[in-house]
Amino acid sequence: MRLFWEAGVQRKTAALNNYYYGLRASERGLRNDTDVTGKSLMNYYVKIAATYRISARVSGVFSLQHTQMNDDLLISPLLREDNYLSGFAGINVHF
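Residues numbered from 1 in each chain as written. Predicted model: local features only at pLDDT ≥ 70, side-chain atom pairs only at ≥ 80, totals over all residues. Heavy atoms only, no water.

Asker: Is there a simple way to think about the overall build of the chain in this case?
Answerer: Of the regular secondary structure elements, the chain holds 1 helix and 4 strands. Listed by position from the N terminus, the elements making up the chain come as β-α-β-β-β. Expected size for 95 residues packed as a compact globule is a radius of gyration near 12 Å; at 18 Å, the chain overshoots this value by more than 25%. When its C-alpha atoms are laid out on the principal axes, the chain stretches across 60 × 25 × 20 Å. When the 95 residues of the chain are sorted by exposure, 27% land in the buried category. Excluding contacts between residues fewer than 6 apart, the proportion of contacts in the chain whose partners are at least 24 apart in sequence is 58%. (Helix = DSSP H or I, 4+ residues; strand = E, 2+ residues; numbered from the N terminus. Rg over C-alpha atoms; globule rule 2.2 N^0.38 Å. Buried < 20%, exposed > 50% of the residue type's maximum accessible area, 1.4 Å probe, protein only. Contact = heavy atoms within 4.5 Å.)

Below is the structure:
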């Protein structure tokens, strides 16, 4: 088994943040559109991944990532917290 780690920053533009976390008037009933920000924001993350060789051509991949979102996004009704944990499991086929 091999372990890998990664840390980084994800920069998203205002348009992308508003697309993901804002609401259009059609989604809020009679209220106006809600934009969450007018600027680009940074989110920070750390990730750990493991690969396990099953055979000469196949390996399994598992990863966990913790993301700390910018507090400015908490104005969105779609978010409850400013961080989340995500995971991935998959198979790699080597050619």
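Asker: Help me understand the environment of I91 in this model?
Answerer: For I91, the location among the structural elements is in strand β4 (residues 83–93). I91 sits in the exposed class, given a relative accessible area of 57%. Between the alpha carbons of I91 and S63 there is a distance of 12 Å; along the sequence they are 28 residues apart. Each residue touching I91, except ones within four places of it in the same chain, is listed here: I54, V58, S59 and G60.

Asker: I tried to follow the nonpolar core on my own but got confused; where do I start?
Answerer: As a rule of thumb, soluble globular proteins bury nonpolar side chains together. Y21, V36, L41, M69, L73 and L79 together form the largest nonpolar core, which totals 6 residues. When near neighbours in sequence (up to four residues on either side) are disregarded, V36 contacts N17, N18, Y21, G22, D72, L73, I75 and S76. (Core = buried A, V, L, I, M, F, W, Y, C linked by side-chain atoms within 4.5 Å.)

Asker: I would appreciate a short explanation of the pattern of salt bridges in the present structure.
Answerer: When their charged atoms lie close together, side chains carrying opposite charge are able to pair. Overall, the coordinates contain 2 salt bridges when judged by the stated rule. The shortest N-O distance in the salt bridge between E6 and K47 comes to 3.8 Å. Residue E6 is located in strand β1 (residues 2–12), and its partner K47 is located in strand β2 (residues 41–53); the two are separated by 41 residues in the primary sequence. Residue classification places K47 among the partly exposed positions, given a relative accessible area of 28%. Residue D72 is joined to K39 by a salt bridge in which the shortest nitrogen-to-oxygen separation is 3.4 Å. With a gap of 33 residues between them, D72 in the loop between β3 (58–68) and β4 and K39 in the loop between α1 (14–21) and β2 connect regions that are remote in the sequence. Classification of D72 by relative accessible area gives partly exposed; the value is 36%. (Salt bridge = Lys/Arg side-chain N within 4 Å of Asp/Glu carboxyl O.)

Asker: How do you make sense of the pairing of β2 when you look at a structure like this?
Answerer: When a strand is regular, its side chains alternate between the sheet's two faces. Inspection of the sheet shows β1 paired to β2 by 11 bridges, in the antiparallel sense. Paired with A7 across the strands is V46, a residue of β2. Bridge count between β2 and β3: 10 bridges; the pairing is antiparallel. Among the inter-strand pairings, V46 is bridged to a residue of β3, identified as H66. Between the end of β2 and the start of β3, which pair antiparallel, lie 4 residues. (Pairing = 2+ DSSP bridges.)

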